[in-house]
Structures are given as structure tokens and as C-alpha cells.
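Residues per chain, in single letters:
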Amino acid sequence: MDSLTQRIKEKAIQLGFDLIGIAPASEAPHAEAFRRWLARGYAAQMDWLVRDPERRTDPRLVLEGAQTVVVVGLSYFTLNPPAELWSDPSRGRLARYAWGRDYHDFMIPRLRELGEFINAETRAWRKTELLNWRNYVDTGPILERAFATQAGLGFIGKNTMLIAPRFGSYLFLGEIILDIELEYDEPHAIGCGNCTRCLNICPTQALPAPYLLDSNRCISYLTIEHKGAIPVELRPLMGNWIFGCDACQEVCPWTRRYAQPSQVAFLHYNHDVAMPKLLELIALDEAAFRARFKGTPIWRTKRRGLLRNVAVALGNWGDPTALPALQKAIHDHEPLIRDHAHWAIERIRQN
Ligand code: SF4
């Protein structure tokens, strides 16, 4: 087959993406579930999800004349660290996607290049002079996992992640919305079956039912998107996760069996990046934070958010070795860091 759709798919693979699929730009079948999820308050303080949910579920409201959503996936699995480091409570744990440089810097230029390729390929026969398109890498109003299922990339698991049969769920997703028609892929007919491992393992019970995530309790939300104090009752449950959490993905049989090492260089594994020493992090001033984390996903939390999380992890470590650093942190100029350092000191003393 040498159709335009096929050439687009080949180009995406050449550009370094692991997966590509094509879906029609119509209302996502998950739209009603998404509205119910919002109504239950499960988006917590992520106001951008609450605003204008209709656009997020229907690309035709985002781009005039939208007909197609191209969805790409990129594996970010690298390898499993040595077990002794993995379980060392003096080190913080970062979600795998944050073990490298900022993935937007890889994904967005390549998505643009794919859009330009489609532009060039269709220029001759298009009625309008310009191809109308938008591209997103969690940067715009699109229910990306829902369209990834429609594009045949995989299915949404009970942990609410997109699971691709040949890769598991350690995937970055990106989308291009287009105003031309292509050949559409079919959704997968597979799923989780009777498995409930992710629901059982979640440290904060953030999955109250299959396919339902309560962001208010999710460690990924609490350590990254949440800007204020972490609820006191959840802090002891967070262990040493300081940026995101992979608990519900690590146990997933699909991911355990099929995760494939990423081919992209920006994800090279390094112990001290993947599991940094907590005592090093709590000592970072603004300049040191900038030097270490600018250009990485961690930058999103700012120093204030990261050190808040680190203080919680130090409290959960429970080792008096951390007390001098925490004593210093209770004089930090950021009230949020001071508050969590106080909590950590109390927790260590009660140990
Ligand atoms: Fe589905 Fe089991 Fe994976 Fe959860 S752990 S997403 S239930 S297969």
C-alpha cells in the first residue's frame, strides 16, 4: 500500500516515534465519562481540565473543519535500576518519564515536522491553500488517551493509562488535528480482563474503582500539579516519591511484559538522576535548583514544589541523619518548604 496514510505512518516512524494511528475527529466515546469525572471533583485543582470540557472531547471545536486526529506514541522505558537503589529510602523516586530531558523538546519539533510533511504531501490536491492543523503534546485541549484508543494505539487500562499491546504504558503521546480525511484505524478489542493489580497497589488508594482516578489522592498530582500543602493524612502514604509516581504502571502485566527500551538518546538512564539523594535535594538553593533541573520535567514544580516533596520523603525515611538539613529548611524563605520540613522533623522524632 502506498497511500497518503501509509506515507504519513512511515514518516512518523522515521522521525523516531514508536507508534502511530489515525482516528476520526468526532466526539470521543469517553466524553460522557469525562464529564462525570469532572462533576465528581476528581480533577482536583487542575482548572484547565474543568474549563470548556466540550472542546477537550471534540476536536471539531478546536479546529474548524477538523476531520482527523493523528496520534503518535514514544516509549520512555529505559531499564529497571538495581534493586538496592530502588528500595533505598534515602533516595527520592521520580516517575520514569522524568529521568531525562524535557520530552516536549523531542516530541514537538518532530510532530511539527510530521505536520509539514503532510502539508507538502497534500498541497497539490487540497482545495484550500493551507493545511489547517494543530499539534499537541499535553499542551492543548484534547483527551489524548481517548483519541489514542480510537487511533488503535491501545486501550485504556483500569489504571486510566493508555496501554499499547507491544509496549505497555510507558509512552509519551502527541497528536495532530487535521482538516483532511485519512484512512482510520480500528480501536483494540482487548483490555485488562480480571486483573486488579493497579487498584490494589496504589499507595494512596487514588483508584476508587476501575477506570476512575481521584486526582485529589494521586501522588502524581500531589507532587507535580498541586501547588499548596500536601494533605497531612496522605503524606505518610507517599513513601519516597518526590516527582510523579509509577506504582500503578510498575505492577501492570502489560508493562512488565512488553515495555521496550526507548531508542531515544534523551532518556539515557543514570542512577543519580532517576533516584537522587534526598539530602542533596533539600540543600538546593534557587541557583542550584536552576542549574540542575532547567530543561527537565522537574522544572515544572519549581524549587518550592520539589523541596516540599523532598521534605515529605525525608519524614517518611525517618532517619535522624536528615534532621540537620531539615532544621535548616525550617528557615527557608518559602513557607511551603518550612511547613513540610516541620512536619518531617516531627515524624522523624516520633519514629
Ligand atoms: Fe489493567 Fe491490571 Fe494493568 Fe491495572 S494492572 S491497568 S487492571 S492490566
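Use the structure listed above.
These remarks concern the structure in this document. (Residues numbered from 1 in each chain as written. Predicted model: local features only at pLDDT ≥ 70, side-chain atom pairs only at ≥ 80, totals over all residues. Heavy atoms only, no water.)

### Brief notes about the sheet that holds strand 2 (residues 68-75)
Part 1 of the reasoning: Pairing is antiparallel across the open sheet formed by four strands, whose spatial order is 1-2-7-4. Two strands close off the open sheet at either side, each with one partner strand: strand 1 (19-24) and strand 4 (133-136). The average undirected angle you get between the axes of adjacent strands in this sheet is 15°.
Part 2 of the reasoning: As paired strands, strand 2 and strand 7 (residues 171-178) are joined by eight bridges and run antiparallel to one another. Across the sheet, the residue bridging to V71 is E175, located in strand 7.
Part 3 of the reasoning: Against the sheet, helix 6 (residues 104-122) touches strand 1, strand 2, strand 4 and strand 7, its axis set at about 30° to strand 7. (Pairing = 2+ DSSP bridges. Helix = DSSP H or I, 4+ residues; strand = E, 2+ residues; numbered from the N terminus. Axes fitted to C-alpha atoms, helices over the stretch in contact; angles between N-to-C directions. Contact = heavy atoms within 4.5 Å.)

### Looking at the site of the ligand
Part 1 of the reasoning: Every residue near the ligand is listed here: G157, K158, N159, I163, C192, C195, R197, C198, C252, P253 and W254.
Part 2 of the reasoning: Every element with two or more residues in the shell around the ligand is listed here: helix 8 (197-201) and helix 11 (253-258).
Part 3 of the reasoning: Among the residues forming the shell around the ligand, the class breakdown is seven nonpolar, two polar and two charged. (Near = heavy atom within 4 Å. Nonpolar A, V, L, I, M, F, W, Y, C, P; charged D, E, K, R; others polar.)

### Some remarks on the nonpolar core
Part 1 of the reasoning: In terms of nonpolar packing, the biggest core is built from 110 residues, with Y97, M107, L114, L178 and L326 touching the most fellow members.
Part 2 of the reasoning: Residues contacting L326, with those up to four places away along its chain left out, are A311, L314, A341, A344, I345 and I348.
Part 3 of the reasoning: In terms of nonpolar packing, the next biggest core, distinct from the first, is built from five residues, C198, L199, L207 and V251 among them. (Core = buried A, V, L, I, M, F, W, Y, C linked by side-chain atoms within 4.5 Å. Buried < 20%, exposed > 50% of the residue type's maximum accessible area, 1.4 Å probe, protein only.)

### Observations regarding unusual backbone geometry
With glycine set apart, most residues show a phi of negative sign, and most peptide bonds adopt trans.
Part 1 of the reasoning: A positive phi angle is found at D52, which is not glycine, with a value near 55°.
Part 2 of the reasoning: Note on placement: D52 falls in the loop between helix 3 (47-50) and helix 4 (53-57).
Part 3 of the reasoning: Overall, D52 belongs to the partly exposed group, its relative accessible area being 44%.

### Quick notes on the packing of helix 1 (residues 4-14) against helix 6
Part 1 of the reasoning: Contact geometry for helix 1 and helix 6: axes closest at 10 Å, N-to-C directions at 150°. Compared by their axis directions, helix 1 and helix 6 come out roughly antiparallel. Judged by the twist between their axes, the crossing of helix 1 over helix 6 is right-handed. Contacts between helix 1 and helix 6 involve L4, R7, I8, K11 and A12 on the former and, on the latter, E113, L114, F117, I118, E121 and T122.
Part 2 of the reasoning: In terms of residue class, the contact of helix 1 with helix 6 is made up of six nonpolar, one polar and four charged. (Parallel < 35°, antiparallel > 145°, perpendicular 65-115°, else oblique. Left-handed = near helix turned anticlockwise from the far one by under 90°.)

### Remarks on the pairing of strand 1
Part 1 of the reasoning: Counting buried positions along strand 1 yields five of six residues, so the element is predominantly enclosed.
Part 2 of the reasoning: Bridge analysis of strand 1 against strand 2 gives six bridges, and the strand direction is antiparallel. Bridge pairing in strand 2 places G21 opposite V71.

### Some thoughts on helix 2 (residues 31-39)
Part 1 of the reasoning: Those residues of helix 2 not exposed but buried are A31, F34, W37 and L38. Across the axial projection of helix 2, the buried residues extend over an arc of 120°, all falling on one side.
Part 2 of the reasoning: Contacts made by the buried residues of helix 2 are with helix 3 and helix 4.
Part 3 of the reasoning: Just beyond helix 2, the residue with positive phi is G41, at close to 80°. (Arc of directions from axis to C-beta.)

### Digging into the environment of D18
Part 1 of the reasoning: Within the element layout of this structure, D18 appears in the loop between helix 1 and strand 1.
Part 2 of the reasoning: Along the chain, D18 and G154 lie 136 residues apart, while their C-alpha atoms are 13 Å from each other.
Part 3 of the reasoning: The residues contacting D18, other than those within four sequence positions of it, are I13, G73, L74, S75, R166 and F167.
Part 4 of the reasoning: Within the structure, D18 has its side chain in polar contact with the backbone nitrogen of S75 (distance 2.7 Å). (Polar contact = N/O pair within 3.5 Å; in protein donor to acceptor, adjacent residues only side chain to side chain.)

### Considerations on the packing of helix 15 (residues 302-317) against helix 17 (residues 335-349)
Part 1 of the reasoning: One can describe the packing of helix 15 onto helix 17 by two numbers: an axis separation of 8 Å at closest approach and a directional angle of 5°. When the axis of helix 15 is compared with that of helix 17, the two are roughly parallel. Every residue of helix 17 that contacts helix 15 at R303, R304, L307, R308, A311, V312, L314, G315 and N316 is listed here: L336, I337, H340, A341, W343, A344, R347 and I348.
Part 2 of the reasoning: Taken together, the residues that form the contact of helix 15 with helix 17 break down as 10 nonpolar, three polar and four charged.

### Quick word on helix 6
Part 1 of the reasoning: Here helix 6 spans 26 Å end to end across 19 residues, near enough to the 27 Å set by a 1.5 Å rise per residue.
Part 2 of the reasoning: Every buried residue belonging to helix 6 is among H104, F106, M107, I108, L111, L114, G115, F117, I118, N119 and T122, and all of these are buried.
Part 3 of the reasoning: Against helix 1, strand 1, strand 2, strand 4 and strand 7 lie the buried residues of helix 6. (Expected span 1.5 Å × (residues − 1).)

### Quick notes on the environment of G16
Part 1 of the reasoning: Turning to its location among the elements, G16 is positioned in the loop between helix 1 and strand 1.
Part 2 of the reasoning: For G16, a relative accessible area of 24% translates into the label partly exposed.
Part 3 of the reasoning: Along the backbone, G16 and L306 are 290 residues apart, and their C-alpha atoms lie at a distance of 31 Å.

### Quick word on the pattern of salt bridges
Part 1 of the reasoning: All told, the structure shown has 17 salt bridges when counted by the stated rule.
Part 2 of the reasoning: E27 serves as the salt-bridge partner of R35, at 3.7 Å between the closest nitrogen and oxygen.
Part 3 of the reasoning: You can call R35 partly exposed: its relative accessible area is 26%.
Part 4 of the reasoning: One salt bridge connects R35 with E54, and the closest N-O pair in it is separated by 3.2 Å. With R35 in helix 2 and E54 in helix 4, this pair connects stretches of sequence that are 19 residues apart.
Part 5 of the reasoning: For E54, a relative accessible area of 36% translates into the label partly exposed. (Salt bridge = Lys/Arg side-chain N within 4 Å of Asp/Glu carboxyl O.)

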